[in-house]
Amino acid sequence: MNASLVITLIGTDRPGLVNALAARAAACGANWLESSMAQLAGHFAGIVRLEIAEADAGRLEGALRELESEGLRLTIERGAAAPVAGPSRTTKLALVGHDRPGIVREISAALARHGASIGKLETACENASFSGEPLFRARIEVQVPASVEPAVLKAELEALANELMVDLNLEGESAD
């Protein structure tokens, strides 16, 4: 039987952090399944899911904890089986607009009102090419319950986009 470990880490950015994590995982026989990592404001932050034989999970946790002496803060959690959800559709949203506080709060609140679950959220703030003003970009992958009428969700999100003065595109929907 295999154990799934979800590791979050943060520390001052420097070369070799991913290698240090990957080397310890490989030395213990872990398989690197998925991750998302970024350099943010001089810090390196990430989340990774490793799979390893249950008998070796404790050894892997110990090896990863050694990274704390190198300045990384770690959280290690055992993965659990995903809860069984009802039928849903995967919808992707792409958003861009002038940066201001509250965009993520408003969009996530609208999705929550419809029982939608955010599977992945990527955001960035960058300077507009002509004006140099800060632009906020978001890409959101959402699981929407099959019971939610797509037109109703789309109408609410489009109205919210107008209120927030952002461009919002709903990308392809697929049934799960």
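Please read all numbers here as calculations on a predicted model, not as lab measurements.

Chemist: Tell me what's going on with unusual backbone geometry, and back it up with residues and numbers.
Modeler: Of note, Ala-41 is a non-glycine position whose phi angle comes to about 50°, a positive value. Among the secondary structure elements, Ala-41 is positioned in the loop between β2 (31-40) and β3 (43-53). Look at Ala-41 and you get exposed, because its relative accessible area is 80%. Its identity is not glycine, yet Met-165 carries a phi of approximately 60°, on the positive side. Mapped onto the secondary structure, Met-165 falls in the loop between α4 (150-164) and β8 (166-175).

Chemist: Residue-level account of the domain arrangement of the protein, with values.
Modeler: Taken domain by domain, the protein holds domain 1 (2-78) and domain 2 (88-171). Put simply, the middle of domain 1 and the middle of domain 2, counted by C-alpha atoms, are 30 Å apart.

Chemist: Break down the confidence of the model for the protein for me, citing the residues and quoting the values.
Modeler: Per-residue confidence for the protein gives a mean pLDDT of 92; residues scoring 70 or more make up 94%. By mean pLDDT, β8 is the weakest element of the protein at 76, and helix α2 (residues 57-65) is the strongest at 97.

Chemist: Give me the lowdown on the packing of helix α1 (residues 17-27) against α2, citing residues and values where you can.
Modeler: At a closest axis distance of 9 Å, the pairing of α1 and α2 adopts a crossing angle of 155°. One element, α1, and the other, α2, form an angle in the roughly antiparallel class. α1 and α2 meet at a crossing whose hand is right-handed. In this structure, α1 uses Leu-21, Arg-24, Ala-25 and Ala-27 to contact α2, whose residues at the interface are Arg-59, Leu-60, Ala-63 and Leu-64. Of the residues belonging to the contact of α1 with α2, the class tally is six nonpolar, no polar and two charged.

Chemist: A description of the nonpolar core should follow, citing residues and the corresponding values.
Modeler: Judged by nonpolar contacts, the single largest core of 22 residues is most densely connected at Ile-7, Leu-9, Leu-50, Ile-52, Leu-60, Leu-64 and Leu-67. Mapped onto this core, the elements with two or more residues apiece are β1 (2-12), α1, β3, α2 and β4 (73-78). If sequence neighbours within four positions are ignored, Leu-9 has contacts with Leu-21, Phe-44, Ala-45, Gly-46, Leu-72, Arg-73 and Leu-74. Counting residues in hydrophobic clusters, the runner-up holds 20 residues, among them Leu-95, Ala-110, Val-148 and Leu-153.

Chemist: Can you break down the pairing of strand β6 (residues 117-127) residue by residue, with the values?
Modeler: Pairing between β6 and strand β7 (residues 134-145): ten bridges, direction antiparallel. Of the residues in β7, the one forming a bridge with Ser-117 is Gln-143.

Chemist: Lay out the environment of Ala-94 in plain terms, naming residues and giving numbers.
Modeler: With respect to the element layout, Ala-94 can be found in strand β5 (residues 88-98). Relative accessible area serves as the criterion here: at 15%, Ala-94 is assigned to the buried category. For the pair Ala-94 and Glu-122, spaced 28 residues apart in sequence, the C-alpha to C-alpha distance is 9.7 Å. With sequence-adjacent residues up to four places away left out, Ala-94 is seen in contact with Ala-138, Arg-139, Asp-167, Leu-168, Asn-169 and Glu-171.

Chemist: An account of α2 is needed here, citing residue identities and associated values.
Modeler: The set of residues buried in α2 consists of Ala-57, Leu-60, Ala-63 and Leu-64. Viewed end-on, α2 has its buried residues packed into an arc of 120°, placing them on one side of the element. Turning to α2, the residues buried within the fold contact β1, α1, β3 and β4.

Criteria and cut-off values
Residues numbered from 1 in each chain as written. Predicted model: local features only at pLDDT ≥ 70, side-chain atom pairs only at ≥ 80, totals over all residues. Heavy atoms only, no water. Helix = DSSP H or I, 4+ residues; strand = E, 2+ residues; numbered from the N terminus. Buried < 20%, exposed > 50% of the residue type's maximum accessible area, 1.4 Å probe, protein only. Domains from an automatic or database assignment. pLDDT = per-residue confidence, 0-100. Axes fitted to C-alpha atoms, helices over the stretch in contact; angles between N-to-C directions. Parallel < 35°, antiparallel > 145°, perpendicular 65-115°, else oblique. Left-handed = near helix turned anticlockwise from the far one by under 90°. Contact = heavy atoms within 4.5 Å. Nonpolar A, V, L, I, M, F, W, Y, C, P; charged D, E, K, R; others polar. Core = buried A, V, L, I, M, F, W, Y, C linked by side-chain atoms within 4.5 Å. Pairing = 2+ DSSP bridges. Arc of directions from axis to C-beta.

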